[in-house]
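Architecture at a glance
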Amino acid sequence: MTTTAAQPAAEVSEQVLAVARRAKAASRALAVATRGTKDAALHALADALIAQTDRIVAANADDLERGRAAGTSAGLLDRLALTPERIGAIAAALRDLAALPDPVGEVVRGSTLPNGLRLRQVRVPMGVVGMIYEARPNVTVDAAGLALKSGNAVILRGGSAAARSNEVIVDVLREALVEQGLPGDLVQSIDAWGRPGGVALMHARGLVDVLVPRGGADLIRTVVQEATVPVIETGVGNCHVYVDASADPAIALPILLNSKTQRVGVCNAAETLLVHRDAAAGFLPAALAALGAAGVTVHADAEAAALAPEDVTVVAATEQDWATEYLSLDIAVRVVDDLDAAIEHIRTWTSGHTEAIVTRDLAASERFVAELDSAAIMVNASTRFTDGGEFGLGAEIGISTQKLHARGPMGLAELTTTKWIVHGEGQIRP
């Protein structure tokens, strides 16, 4: 595929539209595909990834080398990195997808009208799904697998940071599809056209049925503002853990550490810790020591900082810290007066992704759940569970923080729409 930045925008647009036309044509092959056909293809994709692990890891090493040279943050490098173990997990996720029920054809509701008409609302594929994302080569596979199982073709714009990894992965997936007798054009990349290609994808209305951006706030904002194609907005993850007055420290500390440190460069990692004043003296010294031992830089308000052990380095928190998705070994910490203050803080600064409360007070947990409006609320559990795989949805294409059509982890059902099917016996409307 020859192209690039020097091409006139009109030429890039026409080439991307040609990709979209091929995707639209390829999607029709899946419209009549059986579940068996799609599941066999998913297993074939998994087999191909495992067989080509060395090739994929070598390409990924090139991306990582360029990323380090460019000063890419540790969190983003972690998102970018592929190892044989991670490729094995990605392949396993495809096999898990194959084991899930096929959403296509599911009857959402149905009835028989008094005039004898039989109505069914059934799930059908979107058609062509566009993905714009950055530094996440695993998303290339997740998007392809979810699209295939839900009967869609997918067009991928994966960004320059993972260019070599994505190029090889897409080649591997396309080859495996063709070997299964399916069109390779079910999975296509427009990375060769760079940002102008992404803009052209955003404007491919009528050919691309839905566009899903996945990445940082700037990327998502650009797609939402620029696109004429329908967009499902995924959000950044300024996630909170609130430790209530009644919290059991033996439960709260592992939840906090898992939420913050299990994997830092992901949207469901905790970025802010709020602690009820009545729990602060008993919880924060040990919590801040544990965070410090894990390499986390603590950005704390004055009251929390005063409770930090002497050997823990604390940075004074600013208003900006409450709004920041660090994606790194950093956390903002604040002592709050009570549950009301915690809820008000979260309402002010949340990105609407995931919030967690640790408490033994049922009334407090019920208020926390009812009064906060994020896509996921955890009660006595880590924020890291907001994930399509953890929720049993299979791999996810993103986590939606909007309220239309899809919200939270987006699995197979969220990549379908519905149609009404009406059966009659000659009825006419009076």
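Residues numbered from 1 in each chain as written. Predicted model: local features only at pLDDT ≥ 70, side-chain atom pairs only at ≥ 80, totals over all residues. Heavy atoms only, no water.

In the nomenclature of an unreviewed UniProt entry, the protein is known as Gamma-glutamyl phosphate reductase of Cellulomonas denverensis. Taken from UniProt, the Function (unreviewed entry) comment for the protein reads in full: "Catalyzes the NADPH-dependent reduction of L-glutamate 5-phosphate into L-glutamate 5-semialdehyde and phosphate. The product spontaneously undergoes cyclization to form 1-pyrroline-5-carboxylate." According to its UniProt record, the protein has this under Sequence similarities (unreviewed entry): "Belongs to the gamma-glutamyl phosphate reductase family." (UniProt positions renumbered as here; feature names shortened; annotations may be inferred.)

Details of the domain arrangement of the protein
Here the protein is partitioned into domain 1 (9-234 + 408-422) and domain 2 (239-389). Taking only C-alpha atoms, the centre of domain 1 and the centre of domain 2 are 33 Å apart. On the side of domain 2, nine residues touch domain 1, which itself brings six residues to the contact. Here domain 1 meets domain 2 over a buried area of about 610 Å², counting both sides, of which 50% is carbon and sulfur. It is Gly75, Arg79 and Pro409 in domain 1 that bury the most area against domain 2; as a group they hold 62% of the surface buried on that side. The interface formed by domain 1 and domain 2 holds one salt bridge in total. Across the salt bridge formed by arginine 263 and aspartate 78, the nearest N and O atoms sit 3.0 Å from each other. Counting the contacts that link domain 1 with domain 2 gives two residue pairs in polar contact (both at pLDDT 80 or more). (Domains from an automatic or database assignment. Contact = heavy atoms within 4.5 Å. Buried area = accessible area lost by both parts, 1.4 Å probe. Salt bridge = Lys/Arg side-chain N within 4 Å of Asp/Glu carboxyl O. Polar contact = N/O pair within 3.5 Å; in protein donor to acceptor, adjacent residues only side chain to side chain.)

Points about the environment of leucine 253
Of note, leucine 253 is situated in helix α10 (residues 249-261). According to the relative accessible area criterion, leucine 253 is partly exposed, its value standing at 21%. In sequence terms leucine 253 and methionine 202 are 51 residues apart; their C-alpha atoms lie 44 Å from each other. (Helix = DSSP H or I, 4+ residues; strand = E, 2+ residues; numbered from the N terminus. Buried < 20%, exposed > 50% of the residue type's maximum accessible area, 1.4 Å probe, protein only.)

So, the nonpolar core
Here is a general trend for soluble globular proteins: nonpolar side chains tend to be buried in one another's company. Membership of the largest hydrophobic core comes to 75 residues, with the highest contact counts inside it found for Leu49, Met131, Leu148 and Ile155. Not counting chain neighbours up to four residues away, the residues in contact with isoleucine 155 comprise Val19, Ala20, Ala23, Val128, Val129, Gly130, Met131, Gln188, Ile190, Leu201 and Val208. One finds Val296, Val298, Ala304 and Val333 within the second-largest nonpolar core, a separate group that totals 28 residues. (Core = buried A, V, L, I, M, F, W, Y, C linked by side-chain atoms within 4.5 Å.)

Observations regarding helix α11 (residues 277-293)
With 17 residues, α11 should reach 24 Å at 1.5 Å per residue; the first-to-last C-alpha distance of 24 Å fits that figure. Phenylalanine 283 marks the point of greatest bend in α11, at about 55°, and the proline proline 285 comes within the next four residues. For α11, the full list of buried residues reads Ala279, Ala280, Phe283, Leu284, Ala287, Leu288, Ala290 and Leu291. On its buried face, α11 is in contact with β7 (239-243), α10, β8 (270-276), β9 (297-300), α12 (302-305) and β11 (330-336). (Expected span 1.5 Å × (residues − 1). Bend = angle between axes of the 7 residues up to and from the residue.)

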